Amino acid sequence: MNSNSPPASIDDLCQRARALAGQSIATLAQRQNITVPTDLRQHKGWQGQLIEMSLGASAGSKPLPDFPKLGIELKTIPINQQHKPCETTFVASIPLLTINQETWQTSLVRKKLARVLWVPIEGDRAIPLAQRKIGMPLLWEMDAAFETVLQRDWEELTEMICLGQLEKITARLGTYLHVRPKAANAKSLCWGIGQTGEKILTLPRGFYLRTMFTRELLAQYYA
DNA sequence: GCATGATCATTT
DNA sequence: AAATGATCATGC
């Protein structure tokens, strides 16, 4: 599914990424010999995988960064007509029963967000998918200012999960990071910790980045 | 079920 | 219009 070789270096990756800017989804799909779906309703991950292939990322569901050798995570980010992110960004699933063993320093969230190649893509549903264009990618490293806020969010939300306050957690909590369901449907359940410390069946949850976070991030570099 | 990739659809 | 809560596809 991927005949593209992985980038040999960060410079190599950056060059490849920059070369995508201005290209359309149709163009990239043709190069990979794949068909563009009418829309993303039943193909929600398709666009991300197209970019992975186009940049030589290791495809598949391995729990590794997209570019293992470089330690870089790839994230596409849908942007509106004002070039602002119009969706949240999924970061990681939450191991509800064992996250008490984690700290911010050891957390998957911190690992995944340490270095990210953000690839903006037009996401306006009025634009046919095939015609949407790639924006200028940004190789980003978490800085102290962002980390301070992310850490605080992570610690507050993680504490609530550990204390059995799962049912009190809503997506309204958290400045940059928040917690939302991450499931196939409402019947997909997993075990979590309830109010009195008992195990309860609940929806799987994940950490997501608010649009405000990616909006500020992109604005810093493209302002 | 949980990892990968997210967007959809409804509410606010 | 933006945010929240729900959902879709695929592989192991």
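Above: the structure in question.
**Student:** An account of the layout of surface pockets is needed here, citing residue identities and associated values.
**Tutor:** Computed from the structure, the largest pocket encloses a volume of approximately 2,000 Å³. Lining the largest pocket are 49 residues, with Lys 44, Gly 45, Gly 48, Thr 76 and Phe 90 sitting closest to its centre. Those elements that provide at least two residues to the lining of the largest pocket are helix H3 (46-55), strand S1 (73-79), strand S2 (89-93), helix H4 (108-113) and strand S3 (115-122). If one sorts the elements of the lining of the largest pocket by residue count, S1 sits on top with six residues. The residue inventory of the lining of the largest pocket, partitioned by class, reads 17 nonpolar, 14 polar and 18 charged. If you trace the second largest pocket, you find 17 residues lining it, with Ile 79, His 83, Lys 84, Pro 120 and Tyr 222 closest to the centre. At the level of secondary structure, the elements contributing two or more residues to the lining of the second largest pocket comprise S3 and helix H6 (211-222). It is H6 that provides the largest number of residues to the lining of the second largest pocket, a total of four residues. A class-by-class count of the residues in the lining of the second largest pocket yields 10 nonpolar, three polar and four charged.

Thresholds applied
- Residues numbered from 1 in each chain as written.
- Chains lettered and ligands numbered in written order.
- Predicted model: local features only at pLDDT ≥ 70, side-chain atom pairs only at ≥ 80, totals over all residues.
- Heavy atoms only, no water.
- 1 Å grid on protein atoms, 1.4 Å probe; cavity = no way out; pocket = protein on both sides within 12 Å on 5 of 7 lines; lining within 4 Å.
- Points joined across faces, edges and corners; volume = space filled by probe spheres on them.
- Helix = DSSP H or I, 4+ residues; strand = E, 2+ residues; numbered from the N terminus.
- Nonpolar A, V, L, I, M, F, W, Y, C, P; charged D, E, K, R; others polar.

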